[in-house]
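Working through the structure, step by step
The residues making up each chain are set out below.
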Amino acid sequence: MVCGVNPCGPDGNQCSDFESVAPREPLEGGYYAGDWIPQLPTQLTDDQRLALLDWHPLFTGRCPNCEVTMLQTTPPRVHWDCGACGWMDDSV
């Protein structure tokens with residue numbers, strides 16, 4: 001089988017179903033359902049993004065200020081504000 005779309009091959013020298021794809025920019029990203037999804041630029045450095053894993057309630061389940069447990073919700077909450085001490089997540 002020559003092609004999944006045209007099993008007998010193209011009628012001429014060029015397949016009408018073939019689309020030449022130029023390299024896509026930015027290089028970071030990936031494909032989803034055949035579409036290129038670029039990775040959006042972030043204003044945080046790699047070190048800052050890694051630090052979020054250590055203190056943000058989304059990852060730790062607790063307030064970074066007073067250590068009170070902040071329960072996960074379904075669907076996941078957007079604002080992580082502490083009712084006990086008043087800490088507010090201003091990253092959103």
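Look up a bit, the structure's there.
Here is a short report on the structure shown in this document. Treat the numbers as computed from the prediction; the structure is a model and nothing was measured.

Time to look at the packing of aromatic side chains. Within this structure, the stated rule accounts for two aromatic pairs. Judged by centre distance (5.1 Å) and plane angle (70°), the ring pair of Tyr 31 and Trp 36 falls under edge-to-face. Ring centres of Trp 55 and Trp 87 lie 6.2 Å apart, and the angle between their planes is 85°; this geometry places the pair in the edge-to-face category. Of this pair, Trp 55 sits in helix H1 (residues 46–55) while Trp 87 sits in the segment after helix H2 (57–60), and the two are 32 residues apart along the sequence. Positioned above the aromatic ring of Trp 80, the side-chain terminus of Arg 77 is 4.7 Å from the ring centre.

On to unusual backbone geometry, then. Most peptide bonds adopt trans geometry, and most residues besides glycine take a negative phi value. Backbone torsion omega between Thr 74 and Pro 75 reads 0°, so that peptide bond is classified as cis. Relative to the assigned elements, Pro 75 resides in the segment after H2. One non-glycine residue with positive phi stands out, namely Ala 33, at about 55°. Summarising the element assignment, Ala 33 is placed in the loop between strand E1 (29–32) and strand E2 (35–38).

Taken together, the side chains of Leu 50, Leu 53, Leu 58 and Phe 59 define a hydrophobic patch exposed on the protein surface, amounting to about 380 Å² of accessible area. Within the secondary structure, Phe 59 sits in helix H2.

A separate point is the pairing of E1. Examined bridge by bridge, E1 and E2 share four bridges and lie antiparallel to one another. Bridge pairing in E2 links Tyr 31 to Trp 36. Connecting E1 to the next strand, E2, in antiparallel fashion are two residues, including Ala 33 with a positive phi near 55°.

One can find Asp 89 in the segment after H2. Of the side chains with opposite charge, Arg 77 comes closest to the buried, unpaired Asp 89, at an N-O distance of 9.3 Å. Setting aside chain neighbours within four positions, we find Asp 89 in contact with His 56, Trp 80 and Asp 81.

Each value, and the rule that gives it
Residues numbered from 1 in each chain as written. Predicted model: local features only at pLDDT ≥ 70, side-chain atom pairs only at ≥ 80, totals over all residues. Heavy atoms only, no water. Phe/Tyr/Trp six-rings, centres within 6.5 Å; stacked < 30°, edge-to-face > 60°. Helix = DSSP H or I, 4+ residues; strand = E, 2+ residues; numbered from the N terminus. Lys NZ or Arg CZ within 6 Å of the ring centre and 35° of its normal. Patch = residues over 30% accessible without salt bridge, like charges linked within 9 Å, V, L, I, M, F, W, Y side chains within 5 Å. Areas by Shrake-Rupley, 256 points an atom, 1.4 Å probe, with all protein chains shown as cover. Salt bridge = Lys/Arg side-chain N within 4 Å of Asp/Glu carboxyl O. Pairing = 2+ DSSP bridges. Buried < 20%, exposed > 50% of the residue type's maximum accessible area, 1.4 Å probe, protein only. Lys, Arg positive; Asp, Glu negative; His and termini not counted. Contact = heavy atoms within 4.5 Å.

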